[in-house]
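A look at the structure
Take a look at the letters that make up each chain.
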Amino acid sequence: MIHTEYAFGTIEMEYKDDVLYRLRCTPVSREITPKMVSNRSEFSDIVYRQAEEFLTGRRSAFEIAYRFEGTDFQKKVWTALLNISYGETRTYKQIAHVIGCPNASRAVGMANNKNPLMLVIPCHRVIGGDGSLVGYAGGLEMKKALLATEQRSVKNNL
């Protein structure tokens, strides 16, 4: 596992043969300058650059090879999340309908919680039925910041 610390938190990644299969963001409460704390490679540098661009609103999608592993249900949910446009949101119930399981809102939430590729698979774009920000492995403050960044970028024509 490789991880790098940034002002917003820590990005951790796992990959093999230049295919990403795990990317997690962990928030921190203090400012940290970028610092590599493990081995790096050309691929990890590309992933970190794209993640930083994404987090600062200069990139709307990742252009890297990735693979996600999970149950068939989780894969359906994650694939549906990839279809939520940058700057937009959907509810858990809407995602449940999209995947053909209209009563599976809670299961959609659990699949989001198991998302192995935060940011790449945009689970932060899924909100509660009442429009509230609920559940995000990176913390609700990070979710709020990601959505705000995306909305600003869309407004400014990213």
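It should be noted that the structure appears before, not after, this text.
Remember, it's a predicted structure, so these values are computed and weren't measured experimentally. (Residues numbered from 1 in each chain as written. Predicted model: local features only at pLDDT ≥ 70, side-chain atom pairs only at ≥ 80, totals over all residues. Heavy atoms only, no water.)

Residues other than glycine seldom take positive phi values, yet Asp18 does so here, at roughly 60 degrees. Tracing the backbone through its elements, the reader meets Asp18 in the loop between β2 (9–16) and β3 (19–27). The exposure class assigned to Asp18 is partly exposed, which follows from its relative accessible area of 46%. At Leu119, a position not held by glycine, the phi torsion is positive, near 75 degrees. Tracing the backbone shows Leu119 in the loop between α4 (105–113) and β6 (126–127). (Helix = DSSP H or I, 4+ residues; strand = E, 2+ residues; numbered from the N terminus. Buried < 20%, exposed > 50% of the residue type's maximum accessible area, 1.4 Å probe, protein only.)

Turning our eyes to something else, we now look at the pattern of salt bridges. Note on pairing: side chains with opposite charge can pair once their charged atoms come close. Inspection of every chain in the model, using the stated rule, returns nine salt bridges. Here Arg59 and Glu63 are joined by a salt bridge, their closest N and O atoms 3.9 Å apart. When its relative accessible area of 13% is taken as the criterion, Arg59 is described as buried. Overlapping salt bridges, with partners in common, bring together Arg49, Glu53, Arg59 and Glu63 in one network. (Salt bridge = Lys/Arg side-chain N within 4 Å of Asp/Glu carboxyl O.)

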